[in-house]
Amino acid sequence: MGVDSYLELFTTLYGWQLYNNIWGILMATGLVFIPFIVILIRNFVSVNTSMEANAGSAALVRRMEIDIVLALTVVVLAGQPAINLHMNDLSFTPPATLDNPTPTAVDPSSTGTTFGHPDGGFTGAPSSVPVPVWWYGVMALSSGINQAIITGFPATNELREIERAMRTLYIEDANLRHEVNQFYSRCYVPARSKFQRDQPSAAAPILANQGRDDPDWIGSHVYRQLPGYYDSLNAGNPVPGFPVDMSRETDQYWMDTSGSLPHGIPTCQQWWEDASHGLRQRLLEDNSRTQRVVTWVQSRFPGMTVEERQDTLARNILEQAPQSYVDSVASLRERDTGGVDLPGPLSFSVFGMVGSGNELFTQGVSAIGLVSFYTLFMEPTLALILQALPFIQALTLMGIYAMLPLVLLFGMYQPSILLVGAIAIFTVKFWAVLWHITLWVDNNLLQSLYTGTSLLERVGPDLKSILLTTIIAGLYLGLPVIWSAMMGWVGSKAVGAINSATDQLSKPADSAGRKGGEIAQKKGKM
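None of the values given here were measured: they were computed from a predicted structure. Per-chain numbering applies: the sequence of each chain, read as written, is numbered from 1 onward. The predicted nature of this model means local features are confined to residues of pLDDT at least 70 and side-chain atom pairs, given and counted, to a pLDDT of 80 or more, with totals for whole chains, interfaces and linings taken over all residues. Only heavy atoms go into the side-chain values, all of them from the structure, while hydrogens and water stay out.

## Brief notes about the overall build of the protein
Definition in use: We count a stretch as a helix when DSSP gives it H or I for four or more residues in a row; a strand needs E for two or more, and each element gets its number in order from the N terminus. Categorising residues by exposure relies on relative accessible area from a 1.4 Å probe, with only protein chains included: less than 20% of the type maximum marks a residue as buried, more than 50% marks it as exposed, and the intermediate range marks it as partly exposed. The contact criterion used is simple: two residues touch if any of their non-hydrogen atoms lie within 4.5 Å. Accessible surface is estimated by sampling points in the Shrake-Rupley manner with a 1.4 Å probe; for residues, cover comes only from the protein chains shown.
In terms of regular secondary structure, the protein is built from 19 helices and two strands. Per-residue burial for the protein yields a buried fraction of 41% across its 526 residues. Partitioning the intrachain contacts of the protein with sequence separation of at least 6 by distance along the chain shows that 77% fall at a separation of at least 24. When the accessible area of the protein is evaluated, it comes to approximately 26000 Å², of which 62% is carbon and sulfur surface.

See below:
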């Protein structure tokens, strides 16, 4: 029997354990027999207040037979635990990820999580717990329907997972952070100052190919390809990993003045591009998370060249770094304007072209804090929702399972309770299908809005990402609410139909009682 989260593996067992505890208390105290007593009293009062007492005995017996048989049926099917639900009967198959595209099913004894771990929680889950026949069937049917729908649904791509991973990249090594800061001071600042001062026309083809914001980050192609920039600037001090090269004037000067040089002093271009010790390569190899993202991007975007992939990932890493390490593109309020600073959200490139509508939106709404609101609230909120939803579902189901004995008792063992409980369980378990549909919609919308490699090249939030995040958050919450409301309406109508059908069973007894009363009255008159 499949479940929809690691937590549900344990809450299912705990829920039915609580069910058995409550049912046992009701049995031990005799409360479980109260509905039968109420049935006897209700029928006795109803019959004797609606017709002659001596003519109502047949109706009384007939109605009590029907009500008691129905109540006993409910108790046998949905009250008394009968089928053992073993721990190994439950399984959960984690969703496929880029790290694990073909996950295997796990059971409560081997989840690989802190649930059920000796040092974690839910360690006292029973290995086996009895479940009533009806509820066992409802759970099995609901799980089977869920798995069939999810399995038969079109496969989702991994764009959302990659997009989230790109926004969690960071620089772990403190020495590397310091080196990035040095590169920023020694290479980027002088190169950018020179570019803003000279406004070289030779940069036009590079900007047309790499984008207008290319000069706004330390790995700019403008500074690497135009002569007189990174090829002329140098690190200023020895950089570990670079050998001493006497053909470099910096190394010659150091040797002539100090007589010793532990490492070479590379040019800024060498410092950034070197395949073994370059700053870009070290950023991509800094930690295991970054290395996994590099592998994901390589497999998901095979059309990207090695340099495109390295530059894109390095820029994303730097964007996540604190501004004390590297200036963020989002923090650059002024664009290159040929020496003229333009205040406000409007900006012009060095060639007089007005920024794109998306750039105008991003810069304009920054003034009212919408981008900050998105970054600080909307994105974390969506991530929190995604983490919380399976917990809410698992705990809700546990509460439903545990409270079923009281529902049966206070519902007087009416047959309609079987349908009410079944709809409640099926409705909550079907939430997982709705979330899977939302995930599929999210990935496909993301792929449609960000074609090619534009998703990886996006820096900071834009209009499309804000709209998409708002829509998806609404779907994750709204679809289960709408579905639950619809099923609640269906349940109320179905309960009315069942109650009407059971009432029809008592009509023959009422009719027989009335006829008996009429016959008795006629004989009395004779």
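## Here we look at a nonpolar patch on the surface
Applied cut-off: For patch building, the residue pool is restricted to those with more than 30% relative accessible area and no salt bridge; the joining distance is 9 Å between like charges and 5 Å between nonpolar side chains (Val, Leu, Ile, Met, Phe, Trp, Tyr). Criterion for a salt bridge: a side-chain nitrogen of Lys or Arg within 4 Å of a carboxyl oxygen of Asp or Glu.
Where nonpolar side chains cluster on the molecular surface, the patch consists of Ile37, Leu40, Ile41, Phe44 and Val45 and spans about 450 Å² of accessible area. In this fold, Leu40 is placed in helix α2 (residues 34–48). Note on Leu40: relative accessible area 38%, which makes it partly exposed.

## Thoughts on the nonpolar core
What counts, and what does not: We define the nonpolar core as a collection of buried residues of types Ala, Val, Leu, Ile, Met, Phe, Trp, Tyr and Cys that are connected through side-chain atoms lying within 4.5 Å of one another.
Ranked by internal contacts, the top residues of the largest apolar core, which has 107 residues, are Trp16 and Tyr413. Top element by residues in this core is helix α15 (residues 370–410). It accounts for 10 residues. If near-sequence neighbours (up to four positions away) are discounted, Trp16 is found in contact with Leu85, Val129, Val131, Pro132, Trp135, Met139, Tyr401 and Leu404.

## Re helix α16 (residues 416–429)
To be explicit about the condition: Each helix should span, by expectation, one fewer than its residue count multiplied by 1.5 Å.
The first and last C-alpha atoms of α16 sit 20 Å apart over 14 residues, in line with the 20 Å expected at 1.5 Å per residue. Most of α16 sits out of view: 11 of its 14 residues are buried. For α16, the full list of buried residues reads Ser416, Ile417, Leu418, Gly421, Ala422, Ile423, Ile425, Phe426, Thr427, Val428 and Lys429.

## Some remarks on the pattern of salt bridges
Inspection of every chain in the model, using the stated rule, returns 11 salt bridges. Arg197 is paired through a salt bridge with Asp198; the nearest N and O atoms lie 3.7 Å apart. With relative accessibility at 59%, the residue Arg197 sits in the exposed group. Classification of Asp198 as partly exposed rests on a relative accessible area of 38%. Residues joined by salt bridges that share partners form a network here, namely Arg224, Glu273, Arg280, Glu307 and Asp311.

## Concerning the side chain of Gln281
Going by this rule: For this analysis, a polar contact is any N or O atom pair within 3.5 Å, provided that within protein one partner can donate a hydrogen and the other can accept it, and provided that sequence-adjacent residues contribute only side-chain to side-chain pairs.
Position of Gln281 among the secondary structure elements: in helix α11 (residues 279–284). The exposure class of Gln281 is buried, given its relative accessible area of 18%. A polar side-chain atom of Gln281 sits 2.6 Å from a polar atom in the side chain of Glu285. Residues contacting Gln281, with those up to four places away along its chain left out, are Asp274, Ala275 and Gln310.

## Details of the packing of aromatic side chains
Selection criterion: The rule is short: rings of Phe, Tyr and Trp, with Trp giving its six-membered ring, pair when the centres are within 6.5 Å, and they are stacked under 30 degrees, edge-to-face over 60, tilted in between. Two conditions define a charge located above a ring, namely a distance within 6 Å from the ring centre to NZ of Lys or CZ of Arg, and an angle within 35 degrees of the ring normal.
For the structure shown, the criterion picks out 19 aromatic pairs. The interplanar angle of 40° and the centroid separation of 5.7 Å between the aromatic rings of Phe183 and Trp272 together place this pair among those described as tilted. Here Phe183, found in helix α6 (residues 174–198), pairs with Trp272, found in helix α10 (residues 268–273); they are 89 residues apart in sequence, far enough to count as distant. For Trp272, a relative accessible area of 0% translates into the label buried. Among the aromatic residues, ring-to-ring pairing joins Phe183, Tyr184, Tyr188, Phe195, Trp217, Tyr223, Tyr229, Tyr230, Trp271 and Trp272 into one connected group. Positioned above the aromatic ring of Tyr229 is the side chain of Lys194, whose terminal nitrogen or guanidinium carbon lies 5.4 Å from the ring centre.

## Regarding the state of the cysteines
The following threshold applies: The criterion for a disulfide is a pair of cysteine sulfur atoms lying within 2.5 Å.
Throughout the structure, instances matching the rule amount to one disulfide. Paired through a disulfide, Cys187 and Cys268 show a sulfur-sulfur distance of 2.0 Å. A torsion of -85° about the S-S bond marks the disulfide between Cys187 and Cys268 as left-handed. Within this pair, whereas Cys187 is found in helix α6, its partner Cys268 is found in helix α10, the two being separated by 81 residues in sequence. On the basis of relative accessible area, Cys187 is assigned to the buried category, the value being 0%. The exposure class of Cys268 is buried, given its relative accessible area of 0%.

## With respect to the environment of Thr11
Within the secondary structure, Thr11 sits in helix α1 (residues 6–29). Once the C-alpha coordinates of Thr11 and Ala125 are considered, the two residues, 114 residues apart in sequence, prove to be 8.4 Å apart. Contacts of Thr11, omitting those with residues within four sequence positions, involve Phe122, Ala394, Leu395 and Met398.

## Structural notes on the packing of helix α5 (residues 159–166) against helix α12 (residues 288–300)
Cut-off, in case you're wondering: To get an axis, a line is fitted to the C-alpha atoms, and for a helix only the part in contact is used. The angle between two axes follows their N-to-C directions and goes from 0 to 180 degrees. Two helices cross in a left-handed way if the nearer one is turned anticlockwise from the farther one by less than a right angle. They cross in a right-handed way if the turn is clockwise. Three residue categories are used. Nonpolar comprises Ala, Val, Leu, Ile, Met, Phe, Trp, Tyr, Cys and Pro, charged comprises Asp, Glu, Lys and Arg, and polar comprises the others, including Gly.
Put simply, α5 and α12 touch, their axes get as near as 11 Å, and they point 145° apart. Two packed elements cross with a definite hand, and for α5 against α12 that hand is left-handed. Residues Leu159, Glu161, Ile162, Ala165 and Met166 of α5 form the contact with α12, whose participating residues are Val293, Trp296, Val297 and Arg300. Partitioning the contact of α5 with α12 into residue classes produces seven nonpolar, no polar and two charged.

## Quick look at the confidence of the model for the protein
Low pLDDT means the predicted coordinates in that region are not meant to be read closely. Which entries qualify depends on this criterion: Every residue carries a pLDDT, the predictor's confidence in it, which falls somewhere between 0 and 100.
For the protein, the mean per-residue pLDDT works out to 78, and 76% of the residues sit at or above 70. Every residue in residues 324–368 scores below 50 in pLDDT, and together they form 81 contacts with partners more than four places removed in sequence or on other chains.

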